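Chain residues, written in single-letter form:
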Amino acid sequence: MNALDDKTRTLERLSRLAQSDLVPEKAKAQRIGRRERLVAPILVGNFGPVSADKRLVLNDLLGAEVVPLESPAGTLEVVAGDAPHSTLRLADGSFDETQSYPTPSFLSQPATFASIASPSCRLLDWEFLLFDQNDRAQQMREDLEWAAPRVDLAIWCTREWTELESAVWTAAPERIRDHSILHVHGVTGDREISAEGFAATVFEGGSLETSGGPSLDLKGQIKATIAEAREHDLLSAELFLSRYDEALDDRAAAPRKNTATSKHKVAQPGDASGELGA
């Protein structure tokens, strides 16, 4: 049985759990989150001090210039959509939108958040959160805290991996560090880089601007880390379901006892009006 078959089987059992009267309501509520983890797109958080680097990585992964490199700094998301579409939440609480990927002038408006829809996300089954912290340590920490319970994979793009960056990452929540990639590129001199706290590290000698984007090593590592995260979610769901094996597999199939005392006929399992699950 392959991974797709395992996922299909687990999703089917999660659906059956919701229909069983032998399973506590609390467990039925918990299974919703388990199911969402299996069917929702992978959310990738893109962090680091240089805005253009993160945007180059994002655009290369999506295969299109979804975010202009020269646009102002700001936090944005790229989500699945049938066609390119951009929405800005402006500082005054209003919204502006365009039926295309954003231009630098569109993103130059005073905004608190930008949302971009891209067909590429639907094809990849990935979505992205890009955080433009620049070199502000406090903002970096706040963004990591906010992102920790939301993102499935974190990519930190850097040219030097400074002591400031290391200190910020070391203090980040463990959950975000469990599935993370440090992407180091450009000139680092002879300085030895300590990449503790990352699940994987990818080093590139040249700059992203001259090389045209991240290497195949980074893309391969992203796919491998996502596959690992998917497997972890599947195992977690199966462990959760194992608590209710008896209800799902054995007792759920047993006929219910007829305790009625009425003289009228009571439908039995197999009757048109009394089949289990009707």
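Refer to the structure above for everything that follows.
Note that the structure is a prediction, hence the values are computed from the model and not measured.

S.K.: Quick rundown of the overall build of the protein? Include the residues and the values.
M.R.: Scanning the protein from N- to C-terminus turns up 11 helices and nine strands. Buried positions account for 41% of the 278 residues belonging to the protein. By sequence separation, contacts in the protein at least 24 residues apart represent 64% of the contacts at least 6 residues apart.

S.K.: Which residues make up the sheet that holds strand β9 (residues 200–203), and what values go with them?
M.R.: Each strand in a sheet pairs with its neighbour through backbone hydrogen bonds, running either in the same direction (parallel) or in the opposite one (antiparallel). Strand order in the open sheet formed by nine strands is β4-β3-β5-β2-β6-β1-β7-β8-β9, and the pairing between neighbours is mixed. Bordering the open sheet on either side are β4 (95–98) and β9, each of which pairs with just one other strand. Mean inter-strand twist for the sheet, computed between neighbouring axes without regard to direction, equals 20°. One ladder, built from five bridges, connects strand β7 (residues 153–158) with strand β8 (residues 180–184); its direction is parallel. In the strand pairing of β8, cysteine 157 is matched with histidine 183. Across the sheet, helix α3 (residues 51–62) touches β1 (42–47), β2 (76–80), β6 (126–130), β7 and β8, and the angle it forms with β6 is around 170°. Running over the sheet, helix α6 (residues 137–147) touches β1, β6 and β7 and is turned about 175° from β1.

S.K.: Run through the packing of α6 against helix α7 (residues 163–170), naming residues and quoting values.
M.R.: Between α6 and α7, the least distance of the axes is 10 Å, while the angle of their chain directions is 30°. Our classification of the angle between α6 and α7 gives roughly parallel. The two elements α6 and α7 cross, and the hand of that crossing is right-handed. Between α6, through Ala137, Met140, Arg141 and Leu144, and α7, the contact on the second element is made entirely by Leu164, Val168 and Trp169. For the contact of α6 with α7, the residue count by class is six nonpolar, no polar and one charged.

S.K.: Tell me about the nonpolar core, and please be specific about residues and values.
M.R.: Judged by nonpolar contacts, the single largest core of 30 residues is most densely connected at Val78, Phe128 and Ile222. Considering each element in turn, this core owes the most residues, four residues, to α3. With residues near it in sequence (within four places) discarded, valine 78 still touches Leu58, Leu62, Val66, Ile116, Ser118, Cys121, Glu127 and Phe128. One finds Ala154, Trp169, Ala172 and Ile176 within the second-largest nonpolar core, a separate group that totals 22 residues.

S.K.: Please give an account of the environment of arginine 9 that cites residues and values.
M.R.: Relative to the assigned elements, arginine 9 resides in helix α1 (residues 3–19). In the structure, arginine 9 is positioned 229 residues away from glutamate 238 in sequence and 9.8 Å away in space, judged by C-alpha atoms.

S.K.: Can you explain the pairing of β2? Please cite residues and give values.
M.R.: Relative to strand β5 (residues 111–118), β2 runs parallel, the two sharing five bridges. Of the residues in β5, the one forming a bridge with leucine 76 is alanine 114. Two strands pair when backbone bridges link them, and β2 and β6 are joined in this way by three bridges, in the antiparallel orientation. Along β6, the bridge assignment pairs glutamate 77 with leucine 129.

S.K.: A description of the pattern of salt bridges should follow, citing residues and the corresponding values.
M.R.: If you walk through the whole model with that rule in mind, you get eight salt bridges. In this structure, arginine 122 engages aspartate 82 in a salt bridge whose closest nitrogen and oxygen atoms are separated by 3.4 Å. Here arginine 122, found in helix α5 (residues 119–124), pairs with aspartate 82, found in the loop between β2 and β3 (85–90); they are 40 residues apart in sequence, far enough to count as distant. For arginine 122, a relative accessible area of 48% gives the class partly exposed. According to the relative accessible area criterion, aspartate 82 is exposed, its value standing at 70%. Between aspartate 125 and arginine 230 there is a salt bridge; the shortest N-O distance is 3.0 Å. Separated by 105 residues along the polypeptide, aspartate 125 in the loop between α5 and β6 and arginine 230 in helix α10 (residues 216–242) bring together distant segments of the chain. Residue class for aspartate 125 comes out partly exposed when judged on its relative accessible area of 33%. A cluster of three or more residues bridged by salt bridges with shared partners is formed by Arg37, Asp152 and Asp233.

S.K.: Describe the side chain of arginine 31, naming the residues involved and giving the relevant values.
M.R.: Of note, arginine 31 is situated in helix α2 (residues 25–39). Put simply, arginine 31 is tucked away with no salt bridge, and the nearest opposite charge, on glutamate 36, sits 8.0 Å away. In contact with arginine 31, not counting residues within four places along its chain, are Leu14, Ser15, Leu17, Ala18 and Phe240.

What counts and what doesn't
- Residues numbered from 1 in each chain as written.
- Predicted model: local features only at pLDDT ≥ 70, side-chain atom pairs only at ≥ 80, totals over all residues.
- Heavy atoms only, no water.
- Helix = DSSP H or I, 4+ residues; strand = E, 2+ residues; numbered from the N terminus.
- Buried < 20%, exposed > 50% of the residue type's maximum accessible area, 1.4 Å probe, protein only.
- Contact = heavy atoms within 4.5 Å.
- Pairing = 2+ DSSP bridges.
- Axes fitted to C-alpha atoms, helices over the stretch in contact; angles between N-to-C directions.
- Parallel < 35°, antiparallel > 145°, perpendicular 65-115°, else oblique.
- Left-handed = near helix turned anticlockwise from the far one by under 90°.
- Nonpolar A, V, L, I, M, F, W, Y, C, P; charged D, E, K, R; others polar.
- Core = buried A, V, L, I, M, F, W, Y, C linked by side-chain atoms within 4.5 Å.
- Salt bridge = Lys/Arg side-chain N within 4 Å of Asp/Glu carboxyl O.
- Lys, Arg positive; Asp, Glu negative; His and termini not counted.

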